[in-house]
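What follows is each chain in one-letter form.
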Amino acid sequence: MNAARGGGLATDPLGVQLRERLQVAVAAAHRLLGMPHEPLGLEQVDALRRLIESLTELAAERGGGDPGPAVREQQAALERLHRRYTTRFDALERVRGAIAQLRSITSPGEMLARAPAALARASSLERVLLSLTGDGRLVAEAVHLGGNRLAATRTRDALREAPIRLEHPLVETELLRRRRATIIDDARLHPRVDRRLVELMGWTSYAAAPLVVGGQVLGMIHAGRDPGDRLDVLDRDVVWEFTSLLAQAYESAGLRRALRHEREQTREFLDWLGARSGELTEAPVRLATMQRPAPDTPVAPAAPAPGTARDDRVVFEGLLTRRELDVLRLLADGNSNKRIAEALVISD
């Protein structure tokens, strides 16, 4: 019942259907007991139990003290339903805990490398494969095989040698296009699976879900158990929940890394700017006495002071030509355009 508070029950189609059926049953029970109708939710466990107890007492009164097999059957069904959703809530909560640990990893690549082992620890799925898409293929990135690291490494390398081609009618191709999770039963006989993948991973049935980051398909996660063990709907939902949350954590890690890179570049720029500002502040300032030539005296390009030409070349190298430097010096001496043109024998 706590699953309603965790958001894993009321949001899926089965949870919505359960709530609708519960409201119909609660309304009928209130009418039977002559009580005003009060809508109850799955999270109101105490109120639901009191309502069931009232119905049991009413049935006992009308049946001579024995609530009858129908009531006992409903009570057993309620207990089964409670165990079912408690199990579901616990499974999804373990997945969220695994993702929370992966979020502490700052490297997006390292996060993906550790994801299969994290999923295996948080569930009953012992064989997990994470692949990345590229050039129309699924390339194995990380494999977990029940803690056997040597076998996992060999399996990953073997899958990398011949990546899965995403072609019709492969199941993975459809999943990437529709962006949903599914379970593959009887994998060894299924006509739409990659035979080599099934043989290397050694599973009878498996779940698969696409890894979608920022609206783009990044890869896919396959997960199963030892040969002979079949998967159920809960296993599929666990894989889908893990993959969806992993995509969010991966995107966040990428954004954090990009922000750190921008911050480092900004710091380097500010350090460089501070150093250049210091050079300008400490540089000597030379003031030259300006002497205007007589009106009829021809103007010649001013000879640079000792060291000045070299300094000009250093400052303006790559910016001004030698001729443009002559114009700049005459202009600095206060000459008009006409007199500069006459001195350099060029047109005004």
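Residues numbered from 1 in each chain as written. Predicted model: local features only at pLDDT ≥ 70, side-chain atom pairs only at ≥ 80, totals over all residues. Heavy atoms only, no water.

Peer 1: Before we go on, may I ask you to explain the overall build of the protein chain in this structure?
Peer 2: Summing up its helical and strand segments, the protein chain has twelve helices and six strands in all. Residues classed as buried in the protein chain amount to 34% of the 348 residues present. For the protein chain, restricting intrachain contacts to residue pairs at least 6 apart in sequence, the fraction spanning at least 24 positions comes to 57%. (Helix = DSSP H or I, 4+ residues; strand = E, 2+ residues; numbered from the N terminus. Buried < 20%, exposed > 50% of the residue type's maximum accessible area, 1.4 Å probe, protein only. Contact = heavy atoms within 4.5 Å.)

Peer 1: Looking at this structure, I do not really get helix H5 (residues 108-121). What am I missing?
Peer 2: Because the α-helix completes a turn every 3.6 residues, residues three or four places apart line up on one side. The end-to-end C-alpha distance of H5, which contains 14 residues, comes to 20 Å, matching closely the 20 Å that a straight helix rising 1.5 Å per residue would cover. At Ala115, H5 is deflected by roughly 40°, the largest bend along its length, and proline Pro116 occurs up to four residues later in sequence. Taken together, the buried positions of H5 are Pro108, Met111, Leu112, Ala115, Pro116, Ala117, Ala118, Leu119 and Ala120. (Expected span 1.5 Å × (residues − 1). Bend = angle between axes of the 7 residues up to and from the residue.)

Peer 1: I'm lost on helix H11 (residues 322-332) in this one. Help?
Peer 2: Among the residues of H11, those classed as buried are Leu325, Asp326, Arg329 and Leu330. Looking straight down H11, one finds that the buried residues subtend no more than 135° of arc, so they occupy a single side. (Arc of directions from axis to C-beta.)

Peer 1: How should I be thinking about the pairing of strand E5 (residues 206-213) in this particular structure?
Peer 2: Regular strands have side chains that alternate between both faces of the sheet. Of all the eight residues making up E5, seven are buried; the element is thus mostly covered by neighbouring parts of the structure. Across three bridges, the pairing between strand E4 (residues 182-184) and E5 is antiparallel. What sits directly across from Ile184, in E5, is Tyr206. Looking at chain direction, E5 and strand E6 (residues 216-224) are connected through eight bridges and run antiparallel. For Val212, the partnering residue across the bridge sits in E6 and is Val217. (Pairing = 2+ DSSP bridges.)

Peer 1: Could you clarify how one ought to interpret the sheet that holds E4 in this entry?
Peer 2: Two pairing modes exist for strands in a sheet, parallel and antiparallel, and in both the strands are linked by backbone hydrogen bonds. In space, the six strands of this open sheet follow the order E3-E2-E1-E6-E5-E4, with antiparallel pairing throughout. The open sheet has two edge strands, strand E3 (164-165) and E4, and neither has a second partner. Pairing geometry for strand E1 (residues 127-134) and E6, over six bridges, is antiparallel. Pairing of Ser131 across the sheet is with Met220, part of E6. Seen against the sheet, helix H6 (residues 149-161) touches E1 and strand E2 (137-145) and runs at an angle of roughly 175° to E2. (Axes fitted to C-alpha atoms, helices over the stretch in contact; angles between N-to-C directions.)

Peer 1: In this structure, what is going on with unusual backbone geometry? I would like to understand it.
Peer 2: Peptide bonds are trans in most cases, and residues, glycine excluded, mostly fall at negative phi. Here the bond from His168 into Pro169 is cis, since omega is 10°, no more than 30 degrees from zero. Mapped onto the fold, Pro169 is located in the loop between E3 and helix H7 (171-178). Phi is positive for Asp186, which is not a glycine, with a value near 50°. We classify Asp186 as partly exposed; its relative accessible area is 35%.

Peer 1: How should I be thinking about the environment of Leu102 in this particular structure?
Peer 2: Mapped onto the elements, Leu102 comes out in helix H4 (residues 69-102). For Leu102, a relative accessible area of 5% translates into the label buried. Along the primary structure Leu102 and Leu246 are separated by 144 residues, whereas in three dimensions their C-alpha atoms are 8.2 Å apart. Aside from chain neighbours lying at most four places away, what touches Leu102 is Met111, Arg114, Ala115, Ala118, Phe242 and Leu246.

Peer 1: When you look at the side chain of Asp237 in this model, what are you seeing that I'm missing?
Peer 2: Within the secondary structure layout, Asp237 lies in helix H9 (residues 233-282). Owing to a relative accessible area of 16%, Asp237 belongs among the buried residues under this scheme. For Asp237, the contacting residues outside a window of four places in its chain are Arg88 and Leu92.

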